Amino acid sequence: MKLTTKLILAFLIVSLLSIGALAVMTRITANREFGIFLANRYQTELCDRLAEYYVNTGSWDGVEAILPGMNMGGPMAGQNRPAWFAVADRNGDIVLESSRHRKGYRLNRRAIEQAEPIIANNEVVGYLLLEVPYSPQTAAEQNFLKRLDFFLVLGALGAVALAFLFGIILSRNITNPIRKLTKATHDIAGGKLGQQVDVHSNDEIGELAQSFNKMSADLARASHLRRQMTADIAHELRTPLSLIIGHAEGVHDGVLKPTRENFEIVREEAERLERLVNDLRTLSLADAGELSVEFQPVDVNDIVRDSHTHYRSLFDKKRIKLDLELAPVILKANLDPHRFAQVLNNILDNALRHTPEDGRVELKTQLAENRIQLSVKDSGAGVTSEEAQHLFDRFYRVDEARARDEGGSGLGLAIAKSIVEMHGGRIRAESEKDKGLKVIVELPSVK
């Protein structure tokens, strides 16, 4: 059974049960209130007739004899013994019994207070007790209830029809987006990644559609990155391997002399291969959640200070000024010192490669809203804001040729991002063209 059918049946069953219960309660209540209305309508006339009887006879003896002759066009008409009212004398003793009050029964004080007094010659001579429910006896009364029943049934059928109509509309509004999601899911399963579903509601279905669209976009992007990464790895491996094989064959064939310079080229390319393989291994372990980390409370300022000391000579060699500005307080974070030092080294390596001679790199730490913030800002050419969003993608390079010439694998910032996220932090880049690049790392602080 389809979901649409199930929803329509559910709406219909709930409507039938609720409308049926409402109709029954309405019928019972209407019958009761109509009886009360009729009883109250004839109450005054009853009291007058009974008072007149008492004045004429001086007692309640034989009061039953007047009942057949009482024709008031209401509950008294055609009745030899109405069971919907009783009469008591001034002492509360029942003199005209009903189905509830038998002759000889004496009313208590509370019942007398609730009864309607019968007044003759300006004194209370008895009490009239109306009893509910009263069953309508005349043709007009019964026709009224029949018409009421008819309109109740008609209204119930109309309500069921409306419920059925709204059930169809609502079920389609619910199931149509689900059908779109199902079709898009099948398309993704068939290899058509990047499917998007147009759902404009703000309810749970809309949230599901938004989550699906994000998942679909992420899958398409991940698939693209995977294919791109495979091509990039092949390209990155081919370049050093070609140089190593070319020089080795050249020396073997006598085309190149076995000089120190030629062997140094082979060694440098082998080291590049080793760095690439190590970076790939680090990324694969991070993706699998198997990268070994040993968390401990550490002052981030100490790690930054050590990295500054280590890189200062490298920056000086390139005539780049490396400034250091540490927060005046202890910035304690729960992290792995070795892994976080690797993050900082990768960021500084990137700054060193892309900052021109006589440039400046600012290394800064601060505490912002209970989060530790570390930033590395260079005075290089910078990138566009769109390019800055992709700097942490694997093998992404703004300047392909320059990065390879200077030994970059295109994985340093991607590794930095993976490690930072393992520490519960965030990393981002801010840049404008010709205004340098700023990499910001945020970490949760601990006390």
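Here we summarise the structure given alongside this text. (Residues numbered from 1 in each chain as written. Predicted model: local features only at pLDDT ≥ 70, side-chain atom pairs only at ≥ 80, totals over all residues. Heavy atoms only, no water.)

1. Focus on the nonpolar core
Okay, so step 1: In this structure, Val300, Leu374 and Val376 are the most contacted members of the largest nonpolar core, which totals 49 residues.
Okay, so step 2: A per-element tally of this core places helix α8 (residues 337-354) first, with eight residues.
Okay, so step 3: Other than its neighbours up to four places away in sequence, Leu374 contacts Val300, Val304, Phe340, Leu344, Leu363, Lys364, Thr365, Val439, Ile440 and Val441.
Okay, so step 4: Ranked by size, the runner-up nonpolar core spans 16 residues in total, among them Cys47, Tyr53, Phe85 and Leu96. (Core = buried A, V, L, I, M, F, W, Y, C linked by side-chain atoms within 4.5 Å. Buried < 20%, exposed > 50% of the residue type's maximum accessible area, 1.4 Å probe, protein only. Helix = DSSP H or I, 4+ residues; strand = E, 2+ residues; numbered from the N terminus. Contact = heavy atoms within 4.5 Å.)

2. Focus on the packing of aromatic side chains
Okay, so step 1: Evaluation of the coordinates by the stated rule reveals three aromatic pairs.
Okay, so step 2: Taking the centre distance of 5.4 Å and the plane angle of 70° together, the rings of Phe150 and Phe151 count as edge-to-face. The same class applies to Phe150 as to Phe151, namely exposed.
Okay, so step 3: Geometrically, the ring pair formed by Tyr311 and Phe315 is edge-to-face, given 6.4 Å between the ring centres and 65° between the ring planes. One end of the pair is Tyr311 and the other is Phe315, both in helix α7 (residues 300-317) and four residues apart, which spans about a single turn.
Okay, so step 4: What makes Tyr311 buried here is its relative accessible area of 5%. (Phe/Tyr/Trp six-rings, centres within 6.5 Å; stacked < 30°, edge-to-face > 60°.)

3. Describing the side chain of Asp393
Okay, so step 1: Assignment of secondary structure puts Asp393 in the loop between α9 (385-388) and α10 (400-405).
Okay, so step 2: Among the polar contacts made by the side chain of Asp393, one reaches the side chain of His390 at a distance of 3.0 Å.
Okay, so step 3: Those residues in contact with Asp393 that sit more than four places away from it in its chain are Arg221, Gly410 and Ala414. (Polar contact = N/O pair within 3.5 Å; in protein donor to acceptor, adjacent residues only side chain to side chain.)

4. Quick look at helix α11 (residues 412-422)
Okay, so step 1: Among the residues of α11, Leu413, Ala414, Ile415, Ala416, Ser418, Ile419 and Val420 are the ones counted as buried.
Okay, so step 2: Immediately beyond the C-terminal end of α11, within one or two residues, lies Gly424, with a positive phi of roughly 75°.

5. Some thoughts on the environment of Arg238
Okay, so step 1: Checked against the element boundaries, Arg238 lands in helix α5 (residues 204-253).
Okay, so step 2: Looking at Arg238, the relative accessible area reads 44%, which means it is partly exposed.
Okay, so step 3: Separated by 35 residues in the primary sequence, Arg238 and Leu273 place their C-alpha atoms 9.7 Å from one another.

6. Some details on the packing of α8 against α11
Okay, so step 1: Relative to each other, α8 and α11 sit at 150°, their axes nearing to 9 Å. Taken together, the axis directions place α8 and α11 in an arrangement best described as roughly antiparallel. Crossing hand, α8 versus α11: left-handed. Contacts between α8 and α11 pair Arg339, Gln342, Val343, Asn346, Ile347 and Asn350 from the former with Gly412, Leu413, Ile415, Ala416, Ile419 and Val420 from the latter.
Okay, so step 2: The residue makeup of the contact of α8 with α11, split by class, is seven nonpolar, four polar and one charged. (Axes fitted to C-alpha atoms, helices over the stretch in contact; angles between N-to-C directions. Parallel < 35°, antiparallel > 145°, perpendicular 65-115°, else oblique. Left-handed = near helix turned anticlockwise from the far one by under 90°. Nonpolar A, V, L, I, M, F, W, Y, C, P; charged D, E, K, R; others polar.)

Any functional reading would require information beyond the geometric quantities listed.
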